[in-house]
Amino acid sequence: MTLMAFFIASSGAATLALGAGVLNGSFATPTRFMSRWKWENVWALWAVLGMCILPWTVAFITVPQLGVLYRTVEVRHALLLVVAFGAGYGIAAICFGLGVEAIGIALNFAIALGTAIAVGSAIPLLWFHPGSLFTSQGLVIEAGVGVIIFGIVLCGIAGRSKERDQGKLLSEAKRAPSSDFAKGLVLAVVAGAGSAFQNLGLAFGGPLLRRAAELGTEQSYQANVIWAPLLTASLIPYLLFCARLWKKNHSWNLFFDRKTARYWFFGLLMGALWFSSLVVYGTAAAHMADLGPVLGWPLFMSAIILTSNVWGLALGEWKGAARTSLIIMFAGLSLLILGFCTLAWSSRLA
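Residues numbered from 1 in each chain as written. Predicted model: local features only at pLDDT ≥ 70, side-chain atom pairs only at ≥ 80, totals over all residues. Heavy atoms only, no water.

Take the overall build of the protein next. Across its full length, the protein carries 13 helices and zero strands. Looking at the protein as a whole, 49% of its 350 residues are labelled buried. A separation threshold of at least 6 residues defines the contact pool for the protein, and within that pool the share at least 24 residues apart is 85%. Surface exposure of the protein reaches about 16,700 Å², of which carbon and sulfur atoms provide 70%. (Helix = DSSP H or I, 4+ residues; strand = E, 2+ residues; numbered from the N terminus. Buried < 20%, exposed > 50% of the residue type's maximum accessible area, 1.4 Å probe, protein only. Contact = heavy atoms within 4.5 Å. Areas by Shrake-Rupley, 256 points an atom, 1.4 Å probe, with all protein chains shown as cover.)

Structure follows, in structure tokens:
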């Protein structure tokens, strides 16, 4: 491959990574147009499409002999691990959805993603590579995690400040309780930390990826053999939680309210945006090869956070917030993006 061809290929993959981030950062936006439905109606529809229907449809289309692959004796242990990690990820996904309702799209995405990246980088370093703590790579990773944590703190300060600013514009009777922000902050952090189960599913799913390659699956699509069982396992605790809320809130009938027929489109759109972002990023990462962690991952994460905050501003989540709150928020976002880039750079120091 010539230098020019490599540049064009990398540029195309980078564009795909950015596009995947825009899709992911937009998937929760339709929730703001579904006010007549309860939380459990909105997020159940998203989950069924994004965690079950689309993953299996894509897997059957892109992976030759999918049934043969899952029946192979050598992959059964890895498959069970993927399913177990998927169930854990389902609990994190519940916290993410509740966090969006509690503190909004912008803050929830920023805090959850920042936590996910910090935890996902720190735990492998401490657990699997303790001897690397004081090497050049280890110090860069620690610096990146520290920058991300500082960014999360600033985002939290900005969110609490926004809550106070908006509270001043409301009457005492309508003022939002301060516990809403504290609850939302905890949910976002738990959602971010729990997303490590998704990464662990990918890490321990190596035998599935190798078997997919042996059966002739293209590199861009090999991760689909993991997404399908992992996300379907995530759906189980999700639907159990939703079923509990349907019974408690008598909200099952809202699915059949003629006034909310268009909500079905919004819910399906959420699932399509979310899962398509995973597929598009997987394709981008495969085309980037060793540049994936260096260029693709920070582009993907940065695009998600920037897109979700654009939507948050457009939908009035920061309406009434003082200029100082906005400045702190954007400073926190900048640190998060800087932290992502620092962690990506660390992969070059191995």
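Another point: unusual backbone geometry. With phi around 55°, Gln-65 is a residue other than glycine that occupies positive phi space. Inspection of the secondary structure assignment puts Gln-65 in the loop between helix H2 (39–62) and helix H3 (66–71). Residue class for Gln-65 comes out partly exposed when judged on its relative accessible area of 48%. Its identity is not glycine, yet His-250 carries a phi of approximately 50°, on the positive side. Structurally, the position occupied by His-250 is in the loop between helix H10 (224–249) and helix H11 (261–288).

Moving on, we get to the pattern of salt bridges. With the rule as written, the count across this model stands at two salt bridges. Close ionic contact of Glu-317 with Arg-32 constitutes a salt bridge, the shortest N to O distance being 3.1 Å. Residue Glu-317 is found in the loop between helix H12 (292–314) and helix H13 (323–346), and its partner Arg-32 is found in the loop between helix H1 (3–26) and H2; the two are separated by 285 residues along the sequence. A relative accessible area of 11% places Glu-317 in the buried class. Here Arg-32 falls in the partly exposed class, since its relative accessible area comes to 34%. (Salt bridge = Lys/Arg side-chain N within 4 Å of Asp/Glu carboxyl O.)

All told, the structure shown has 27 aromatic pairs when counted by the stated rule. Judged by centre distance (5.8 Å) and plane angle (25°), the ring pair of Phe-27 and Trp-46 falls under stacked. Here Phe-27 is found in the loop between H1 and H2, whereas its partner Trp-46 is found in helix H2, with 19 residues between them in sequence. The exposure class of Phe-27 is buried, given its relative accessible area of 3%. Ring geometry for Trp-39 and Tyr-238: centres 6.0 Å apart, planes at 25°, overall stacked. Taken together, the residues Trp-39 in helix H2 and Tyr-238 in helix H10 connect sequence positions 199 residues apart. In this structure, Trp-39 and Tyr-238 share a single accessibility class: buried. Ring pairs connect the aromatic residues Phe-33, Trp-37, Trp-246, Trp-252, Phe-255, Phe-256, Tyr-263, Trp-264, Phe-265 and Phe-266, which therefore count as one cluster. Cation over ring: Lys-162 sits above Trp-318, and NZ or CZ is 4.9 Å from the ring centre. (Phe/Tyr/Trp six-rings, centres within 6.5 Å; stacked < 30°, edge-to-face > 60°. Lys NZ or Arg CZ within 6 Å of the ring centre and 35° of its normal.)

Moving on: the side chain of Gln-222. Among the secondary structure elements, Gln-222 is positioned in the loop between helix H9 (206–214) and H10. Within the local environment of Gln-222, its side chain forms a polar contact with the backbone oxygen of Thr-217, the two atoms lying 3.2 Å apart. When residues no more than four places from it in sequence are discounted, the contact partners of Gln-222 are Leu-209, Ala-212, Ala-213 and Thr-217. (Polar contact = N/O pair within 3.5 Å; in protein donor to acceptor, adjacent residues only side chain to side chain.)

Close contact between helix H4 (residues 76–103) and H10 brings their axes to 7 Å; oriented N to C, the two are set at 50°. When the interaxial angle is binned, H4 and H10 end up oblique. You can see that H4 and H10 cross each other, and the crossing is right-handed. In this structure, H4 contributes Leu-79, Val-82, Val-83, Gly-86, Ala-87, Tyr-89, Gly-90, Ile-91, Ala-93, Ile-94 and Leu-98 to the contact, and H10 contributes Ile-226, Pro-229, Leu-230, Leu-231, Ala-233, Ser-234, Pro-237, Tyr-238 and Phe-241. In terms of residue class, the contact of H4 with H10 is built from 17 nonpolar, three polar and no charged. (Axes fitted to C-alpha atoms, helices over the stretch in contact; angles between N-to-C directions. Parallel < 35°, antiparallel > 145°, perpendicular 65-115°, else oblique. Left-handed = near helix turned anticlockwise from the far one by under 90°. Nonpolar A, V, L, I, M, F, W, Y, C, P; charged D, E, K, R; others polar.)

Let us look at the nonpolar core. Counting 85 residues, the largest nonpolar core has Trp-43 and Tyr-238 as the members making the most contacts within it. Take this core: its biggest share by element is 11 residues, from H10. Residues contacting Tyr-238, with those up to four places away along its chain left out, are Trp-39, Trp-43, Ala-44, Trp-46, Ala-47, Met-51, Gly-90, Ala-93 and Ile-94. (Core = buried A, V, L, I, M, F, W, Y, C linked by side-chain atoms within 4.5 Å.)

Moving on: the side chain of Lys-162. Structurally, Lys-162 can be placed in helix H6 (residues 136–168). Although Lys-162 is buried, it forms no salt bridge, and the closest oppositely charged side chain is Glu-317 at an N-O distance of 5.5 Å. When neighbours within four sequence positions are excluded, Lys-162 is seen to be in contact with Ile-103, Glu-317, Trp-318, Ala-321 and Ser-325. (Lys, Arg positive; Asp, Glu negative; His and termini not counted.)

We now examine the environment of Leu-336. Positionally, Leu-336 belongs in helix H13. By relative accessible area, Leu-336 is classed as buried at 0%. Sequence-wise, Leu-336 and Ala-118 are 218 residues apart; in three dimensions their C-alpha atoms are separated by 9.8 Å. Residues in contact with Leu-336, not counting those within four places in the same chain, are Ala-110, Gly-114, Ile-148, Gly-151, Ile-152, Cys-155 and Ile-305.

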